[in-house]
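# Chain and residue survey
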Amino acid sequence: MDDAKELRRTVIAREIERQLASKPVELMEGICQGLDEADSLEVKCAKMVRNGIVISINIAADLAIGMMVELGIAEPKSEDELRRSIMSVIK
C-alpha cells in the first residue's frame, strides 16, 4: 500500500474516533432508538445492530462527502438544491 493511501486511512480513522468521542450520549441514544421494553432480547439486539449500521453509514457518508468537497471533486449544495434532490427521489 502506498503512503498516500495509508495516510488517508489514518486521517479517516482519527476523524471517526474524534466523532465517536465527541458525542457518546447522542450515539448511545441513536443506537437505542426505537427499543421497546416489550421487545424480546433478540429484537432489541437486532434493532441496536440496525441502528449501529445506520449510524456507521451516516458517519462514513459525511466523511466521504466532506473529503470530496475539500478536494474539489464535489461542490457543496445549497439547502434548496438538496431538498429538490430528495424530492426527485421520492417522486
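Throughout what follows, the structure given in this document is the object of discussion.

A tally of helices and strands in the chain yields four helices and zero strands. Order of helices (α) and strands (β) in the chain, N terminus to C terminus: α-α-α-α. Its C-alpha atoms give the chain a radius of gyration of 17 Å, clearly above 12 Å, the size a compact globule of 91 residues would have. For the chain, with 91 residues in total, the buried portion stands at 10%. With an accessible surface of roughly 7,600 Å², the chain has 60% of that area assigned to carbon and sulfur atoms. Averaging the locations of the 13 positively and 17 negatively charged side chains of the chain gives two centres separated by 4 Å.

Over its 31 residues, helix H3 (residues 41-71) runs 45 Å from end to end, which matches the ideal 45 Å to within 8%, given 1.5 Å per residue. Every buried residue belonging to H3 is among Lys47, Asn51, Ile55, Ile59 and Leu63, and all of these are buried. If you follow the buried residues of H3, they end up packed against helix H1 (3-22) and helix H2 (24-31). Positive phi appears at Gly72, one or two residues downstream of H3, with a value of about 80°.

The next subject is the layout of surface pockets. Taken as a whole, the largest pocket spans an internal volume of roughly 170 Å³. Taken together, Arg8, Val11, Ile12, Glu15, Asp62, Leu63, Gly66, Met67, Glu70 and Leu71 make up the full set of residues lining the largest pocket. Here the lining of the largest pocket gets six residues from one element, more than from any other, and that element is H3. Residue composition of the lining of the largest pocket, by class: five nonpolar, one polar and four charged.

This model, assessed by the stated rule, comprises two salt bridges. Linking Glu15 and Arg18 is a salt bridge whose minimum nitrogen-to-oxygen distance equals 2.5 Å. Of this pair, Glu15 and Arg18 both sit in helix H1, separated by three residues, roughly a single helical turn. The salt bridge partner of Lys47 is Asp39, with a shortest N-O separation of 2.7 Å. Its relative accessible area of 19% is what places Lys47 among the buried residues.

Put simply, H1 and H3 touch, their axes get as near as 11 Å, and they point 130° apart. Classified by the angle between their axes, H1 and H3 sit oblique to one another. Classified by chirality, the crossing of H3 by H1 is right-handed. Across the interface between the two elements, Arg8, Ile12, Glu15, Ile16, Gln19 and Leu20 from H1 touch Ile59, Leu63 and Met67 from H3.

Rules and cut-offs
- Think of each chain on its own: its residues are numbered from 1, step by step along the sequence as written.
- Local features in a predicted model are, by the rule used here, given only for residues with pLDDT of at least 70; side-chain atom pairs are given and counted only at 80 or more, and totals for whole chains, interfaces and linings are based on all residues.
- Hydrogen atoms and water are omitted, and side-chain values are computed over all heavy atoms in the structure.
- Counting from the N terminus, the helices are the DSSP runs of H or I reaching at least four residues and the strands are the DSSP runs of E reaching at least two.
- Restricting the calculation to C-alpha atoms gives the radius of gyration, and the globule rule supplies 2.2 Å times the number of residues raised to the power 0.38.
- Three labels apply to residues, based on accessible area from a 1.4 Å probe with only protein chains included: buried if under 20% of the type maximum, exposed if over 50%, partly exposed otherwise in between.
- Residue-level accessible areas treat just the shown protein chains as cover; the underlying method is Shrake-Rupley with a 1.4 Å probe.
- Working convention for charge: Lys and Arg count positive, Asp and Glu count negative, and His plus the chain ends are omitted.
- Charge coordinates come from a single atom per side chain, which is NZ of Lys, CZ of Arg, CG of Asp or CD of Glu.
- Take the number of residues in a helix, subtract one, and multiply by 1.5 Å to get its expected span.
- Contacts are residue-level and defined by heavy atoms, with any inter-residue pair within 4.5 Å sufficient.
- In this analysis a 1.4 Å probe is tested at points of a 1 Å grid over the protein atoms alone, and where it fits but cannot get out there is a cavity; an open set with protein on both sides within 12 Å along at least five of seven lines is a pocket; lining residues have an atom within 4 Å of a point.
- Grid points are joined across faces, edges and corners, and a volume is the space filled by probe spheres set on the points.
- Any residue outside Ala, Val, Leu, Ile, Met, Phe, Trp, Tyr, Cys, Pro, Asp, Glu, Lys and Arg is labelled polar, Gly included; the first ten of those are nonpolar and the last four are charged.
- Every case where a carboxyl oxygen of Asp or Glu lies within 4 Å of a side-chain nitrogen of Lys or Arg is listed as a salt bridge.
- Note on method: axes are straight lines fitted to C-alpha atoms, helices fitted across the in-contact stretch only, with angles between N-to-C directions ranging 0 to 180 degrees.
- Working rule for angles: under 35 degrees goes down as roughly parallel, over 145 as roughly antiparallel, 65 to 115 as roughly perpendicular, anything else as oblique.
- For any helix crossing, the convention is left-handed if the near helix is rotated counterclockwise from the far helix by under a right angle, and right-handed if that rotation is clockwise.

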